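Results of the structural survey
Each chain, letter by letter, is given below.
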Amino acid sequence: MRVRRRYNVEWVIATLIWKYLSECSSAQAGISTKSVYTSPTVSITPGPREVNIVEGETLQLECNIGGHPRAQPKWSLPRSLKGRNIRRGESTLLISRISRNENGGYTCTADNGHGRPQSATTIVNVYYLSPPRLRLYLPTSAVPPGNRWYVRTVILLCETTSYPQPSVAWYWRGRRISTTQARNLNYKMTQLRQYDGEVSSHMLKIWNATSTHYGEYSCRTSLDLGREYWMPATIANVTFSEDIAQPSINISTGSVVVADPGSDLSLTCEVLAGYPMPIVSWVKENEAGALTLRRATKFAKSVLSLANVDVDQGGTYSCIADNLIQKAVVRHVQVVIRYIRPMKFWITPDPLSDDGKLELGKDITLTCNTDAQPVDELRYFWYKEEPSGRRSIQADNVVSKELLNPVQRRYVTIPAHSTVLEIRRATADNYGTYICKAILLNSSIAAVAEKSISITRDSAPTRVSAPRRTVVVKEQSDVRLTCEAIGQPLSRIMWLKNGNETVTTGRASVNKDGILTIKNVSRHDEAVYTCMPSLDNGFSQRARINFQAQTELLVRYPPDVHPGYEVRRVAPGSAFEIQCIVSAQSQRSNPSYVWIKNKQSLGSTSTIISESTQSASYGNYECRVTNSIGSSSCIFNVTGSAYQPEFYYQDDTINTRSVASPLQSTENANEITYDLRWTQKKPLAVAPIVEYRIRWRRSDLKTTAGRKWKEATLPIVGEIATGQLMTYKLRNLASSEYEVDVTPLNEYGYGDSVTRTIYPTTKASRRSDAYVMRFNCAFSDGDLCGFSQEVSKRDVRGGGILGVDDFDWTINNDVTFLKKIHGTGPLVDHTFREERGGYMFISSSNKRKNFRARLLSPTIRKNRLASKCVWFYYHMWGADIGRLNVLIRTKTDKLVWSRTGSKENRWLRGHITIAKYENFQVVFEAVILNPRGSNYLGNIAIDDVSIDEGPCPPEFTTAAPLSSTSAAQGTSSFTSIWSNRALTMMTPQIRISQYFKASIITQVFISYLLSNIFTFFSVF
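1. A word on the overall build of the chain
Secondary structure assignment for the chain yields five helices and 78 strands. When the 1020 residues of the chain are sorted by exposure, 45% land in the buried category.

Right, dumping it as structure tokens:
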């Protein structure tokens, strides 16, 4: 049986009143009743799937991130952009002068911790068209007697590199070859190779060519991309006539040229035949490919001059002659620069007895080698040192010879072009010092290398030893590692690090005694160092392997700890754990831990755990980690202050001028307001927030007074839930740029602040996820923002005349403001109202009639999603004022705005809506209308040029609004469930008499009661 519940009318009304007042309190604090946290959404504009751009232009992609809190974008780009300096962590991606190999997928990824990371990818297609390469091929078979070669088949091959596939057309004598002409004149036009995404090859074949086919042939390539991506067609020409012939060239200096270092060389390439005259160029071949040394010329002789040559300039040089008939002709010349390197020698086989000494009666072979060029001039000589001096070797058991080819011996390979001295069955008379000498015969400089080799009873390979097996040193000090060596003769000592890495750092050096010195030792120098003899004492590699010594270097340094500093937020009554981690420390050292808070020791372990956080638990905790070298510290700031707020961008309303309502005073009907919105990060993780401090100031003003912070507070009643939205209404703002920061406050003080920039404006628009490109230029501090002067020339393109310019615009600054003429021009700039402030102007003095000056904006990229509003401030005051025109430049110039004659002596505002456009530039054109001598008072100025998304609103006027001098005010606001009007709250206290007048509150409550009473009863 269902029981009907009986309700007391007074209880119902009281409950509804309590519910209504609770909602008023929440609304008064500017807090919504539901969470606005959402997972991220990502889109790329322009796009979303493909973006087309012409090579050489600037690519601009905007990563539009939705969701709350706003995530930081991360761009993933093609590998070809690896060497570029690109900011991958910003929403706007700019790639200047994009090249053809930088096409591909561009991905933007966002992760805000709510849901899965999201990404969007757009494919960038780079359009390009390279000039075609046209070549004419004559028949190569022999011509029968009595016939002419031109009756054979002639082929014209046209290759072009482009994306997408180009359109190719053939022309003969300036006229396009149609299908009918091709059939009548024995032409065959075919695509020789299928387009592979880059290269396209087309062929024009002339069957049975005769004199009727003579003339100039052209291959014209173009891309059919419409006006949006227009690129000029490219053309290549070649002439077919009776006189054409492939080039013939000769290098008069011969195929090999030998020179001494420091001398001057001239390589001459002569053209012997060929018509038309070929283009001749010089290149040098190296490991990286061909390097062009001399640009192409059309002279019958091309001379390549090399001054003060060195060894690096030796190599193969090529002369290339090309006249587009057949293949290019190439001739090579080898340039050899004489040099001779230090000599190396070997004593083989190792003539050692068991005691490590030379053993008589055995054969000893002495081998010398030097790297020298040219090898055909290299000669070796052997001598022996005697008390009377150096003389030739005359012993019967000593024989010398040269090795023309490499020889493999035990443990060593003897290179080609070496000399060998064989001592057969050595005797005591063969002891002594032998000298191996090498010279270059034809060198004009001292090209000599020699080596002394001592053969004695004590000759032996170098042995090394380390007096200290372990060396301990402090970080940032200097260390010397010693290696003792014995042998005859002594070898040069070399050092290895960890067995295979040669010590070659800038801080390490080895002296002649083999001592390794390392300055300013770091922990990365800690290793095992090996010293060993080099091979320059003549003994084989086996000796080096058998004789080596090791020293272990240990570097002592204070422990590295993590984190150095960390803020740990903890709610009252909750537990927390802090740990100081040693990330790096010296080997064989055990650090100790000491925790300190308020000069009191808390423990000696790496971790502190608190079971319940009290007021006394908050503060700075320092953990000192110490070893025998020094100490380091971890510092934890345990606090109950709040995390930073999270600005809400999803519904970033750019407020319009307020409309007066019954609940709002009409005194501020024309004010600009801005709804600043945010949520609180982890509001339940710390003590409740009681208030927010909101500060704002204009960031485009230079004066100290203008940049002074304005401050307000937003009281909070009750707890803030996760994801709840708060709003604060900034009032009496100017149409400018503002810096805003919001800081939470709880019982433990102010928490972390968050800062952003806002752009209040009177535009009746709402920012969305659509692509927005904002351009704002105040010409401050000499910054032209990418504006440029027009080039003074006439350039006919696309049926229009561009580039008509006679003089330049001037920027107002500390110098040019002194040149102002009384009776014309602005007194101050529009942005900062300063006499020396930045703006652009033209001086009309001494200019001829109809002279004009043009100022060009940067190129604005096309956007299919919305139109653009171009707005600016201009000043035209003076008796001789001419005309100010604004033109939009695409392929042609279009006049969209114009003013003539003197106006008011103040800055006026102009605007243009561009509804449908391609890539464009804004052109400001000033025209002189009076003749020279009567145009002194005709200065024209512009300032604060902006380009915004969307059409220009109807409330835009040509007169610049006066800046308000009243202080900006702010209020929190909410939207009532019974009305669409904003109710302004004045105090955090919940007293109806302070909110509204009696008649208004009665109306409000009755409306609220009627709208909620049925919902209330339906709950039970």
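After that view, the rundown keeps rolling.
2. Regarding the pairing of strand 10 (residues 154–163)
Among the ten residues that make up strand 10, seven are buried, leaving the element largely enclosed by the rest of the structure. Direction of pairing for strand 9 (residues 133–137) relative to strand 10: antiparallel, over a ladder of five bridges. Opposite Tyr137, over in strand 10, you have Ile155 as the bridge partner. In the sheet, strand 10 pairs with strand 14 (residues 199–206) via eight bridges, with the strands oriented antiparallel. Bridge assignment links Thr161 to a residue of strand 14, and that residue is Val199.

3. Quick word on the sheet that holds strand 30 (residues 389–392)
Spatially, 30-29-35-36 is the arrangement adopted by the four strands of the open sheet, whose pairing is antiparallel. A strand with exactly one partner marks an edge of an open sheet, and here the two such strands are strand 30 and strand 36 (448–455). For this sheet, the mean inter-axis angle between neighbouring strands, taken without regard to orientation, is 30°. Note that strand 35 (residues 432–440) and strand 36 share eight bridges and pair antiparallel. If you follow Lys437 over to strand 36, its bridge partner there is Glu450.

4. Section: the environment of Glu526
Inspection of the secondary structure assignment puts Glu526 in the loop between strand 44 (516–518) and strand 45 (527–533). Spatially, the C-alpha atom of Glu526 lies 9.8 Å from that of Gln587, the residues being 61 residues apart in sequence. When residues no more than four places from it in sequence are discounted, the contact partners of Glu526 are Leu553, Leu554, Val555 and Gln587.

5. Comments concerning the nonpolar core
By size, the foremost hydrophobic cluster in this structure holds 33 residues, and its most contacted members are Trp809 and Phe924. Elements that contribute at least two residues to this core include exactly strand 64 (775–777), strand 69 (840–842), strand 70 (852–856), strand 71 (868–876), strand 72 (883–889), strand 74 (908–914), strand 75 (921–927) and strand 76 (940–949). Grouped together as the second largest cluster of nonpolar side chains are 24 residues, Ala642, Tyr643, Phe647 and Ile716 included.

6. Comments concerning the pattern of salt bridges
According to the stated counting rule, one finds 26 salt bridges in the structure shown. Here Glu475 and Arg523 are joined by a salt bridge, their closest N and O atoms 3.0 Å apart. In this pair, Glu475 is assigned in the loop between strand 38 (470–474) and strand 39 (479–481) and Arg523 in the loop between strand 44 and strand 45, connecting sequence segments 48 residues apart. For Glu475, a relative accessible area of 22% puts it in the partly exposed group. Residue classification places Arg523 among the partly exposed residues on the basis of a relative accessible area of 22%. Note that Arg889 is salt-bridged to Glu790, the shortest N-O span being 2.7 Å. Of this pair, Arg889 sits in strand 72 while Glu790 sits in the loop between strand 65 (788–789) and strand 66 (795–797); the two residues are 99 residues apart in sequence, bridging distant segments of the chain. Taken as a pair, Arg889 and Glu790 share a single burial class, namely buried.

7. Things to note about the environment of Arg523
Between the C-alpha atoms of Arg523 and Tyr557, which are 34 residues apart in sequence, the distance is 7.5 Å. Sequence-distant contacts of Arg523, defined by excluding residues within four places in its chain, comprise Glu475, Val555, Tyr557, Pro558, Asp560 and Ala584.

8. Here's the deal with the side chain of Thr367
By the element assignment, Thr367 lies in strand 27 (residues 364–369). Sequence-distant contacts of Thr367, that is, excluding residues within four places in its chain, are made with Lys344, Phe345, Trp346, Thr348, Ile414, Ser418, Thr419 and Val420.

9. Re the confidence of the model for the chain
Mean pLDDT over the chain works out to 80, with 79% of the residues at or above the 70 mark. Across residues 762–773, where pLDDT falls below 50, the model places 41 contacts with residues more than four positions away in sequence or in other chains.

10. Describing the sheet that holds strand 2 (residues 38–45)
Pairing within the open sheet is antiparallel, and its three strands lie in the order 2-4-6. The strands lining the two open edges of the sheet, one partner per strand, are strand 2 and strand 6 (92–95). Averaged over all neighbouring strand pairs, the angle between strand axes comes to 15°, with direction disregarded. One ladder, built from four bridges, connects strand 4 (residues 59–68) with strand 6; its direction is antiparallel. Within strand 6, the position partnered with Gln60 by the bridge is Leu94.

11. Structural notes on the state of the cysteines
Applying the stated criterion across every chain, the model contains six disulfides. At a sulfur-sulfur separation of 2.0 Å, the disulfide partner of Cys158 is Cys219. Every disulfide takes its handedness from the sign of the S-S torsion; for Cys158 and Cys219 that torsion is -75°, giving left-handed. Placement of Cys158 in strand 10 and of Cys219 in strand 15 (residues 215–222) is noted, with a sequence separation of 61 residues between them. Neither residue differs from the other here; Cys158 and Cys219 are each classed as buried.

12. Examining the side chain of Arg135
Mapping Arg135 onto the fold places it in strand 9. Once residues lying within four places of it in the same chain are set aside, the contact partners of Arg135 are Ile155, Leu156, Leu157, Asp322, Leu324, Ile325, Gln326, Lys327 and Ala328.

13. Structural notes on the environment of Ile249
With respect to the secondary-structure elements, Ile249 resides in strand 17 (residues 245–251). Here Ile249 falls in the buried class, since its relative accessible area comes to 4%. Placed 52 residues apart in sequence, Ile249 and Lys301 show a C-alpha to C-alpha distance of 9.3 Å.

14. Things to note about the packing of aromatic side chains
Enumeration according to the criterion identifies 20 aromatic pairs in this entry. Ring geometry for Tyr127 and Tyr229: centres 5.4 Å apart, planes at 85°, overall edge-to-face. Taken together, the positions of Tyr127 in strand 8 (residues 118–129) and Tyr229 in the loop between strand 15 and strand 16 (234–240) put the pair 102 residues apart, joining distant regions of the chain. Here Phe872 and Trp897 contribute two aromatic rings whose centre-to-centre distance is 5.0 Å and whose plane-to-plane angle is 85°, an arrangement assigned as edge-to-face.

15. Considering the pairing of strand 60 (residues 724–733)
It is a general feature of regular strands that their side chains alternate between the two faces of the sheet. The element strand 60 is largely enclosed, with a buried count of ten among its ten residues. In terms of strand pairing, strand 57 (residues 672–680) meets strand 60 through six bridges, oriented antiparallel. Along strand 60, the bridge assignment pairs Trp678 with Met726.

Each value, and the rule that gives it
Residues numbered from 1 in each chain as written. Predicted model: local features only at pLDDT ≥ 70, side-chain atom pairs only at ≥ 80, totals over all residues. Heavy atoms only, no water. Helix = DSSP H or I, 4+ residues; strand = E, 2+ residues; numbered from the N terminus. Buried < 20%, exposed > 50% of the residue type's maximum accessible area, 1.4 Å probe, protein only. Pairing = 2+ DSSP bridges. Axes fitted to C-alpha atoms, helices over the stretch in contact; angles between N-to-C directions. Contact = heavy atoms within 4.5 Å. Core = buried A, V, L, I, M, F, W, Y, C linked by side-chain atoms within 4.5 Å. Salt bridge = Lys/Arg side-chain N within 4 Å of Asp/Glu carboxyl O. pLDDT = per-residue confidence, 0-100. Disulfide = S-S within 2.5 Å. Phe/Tyr/Trp six-rings, centres within 6.5 Å; stacked < 30°, edge-to-face > 60°.

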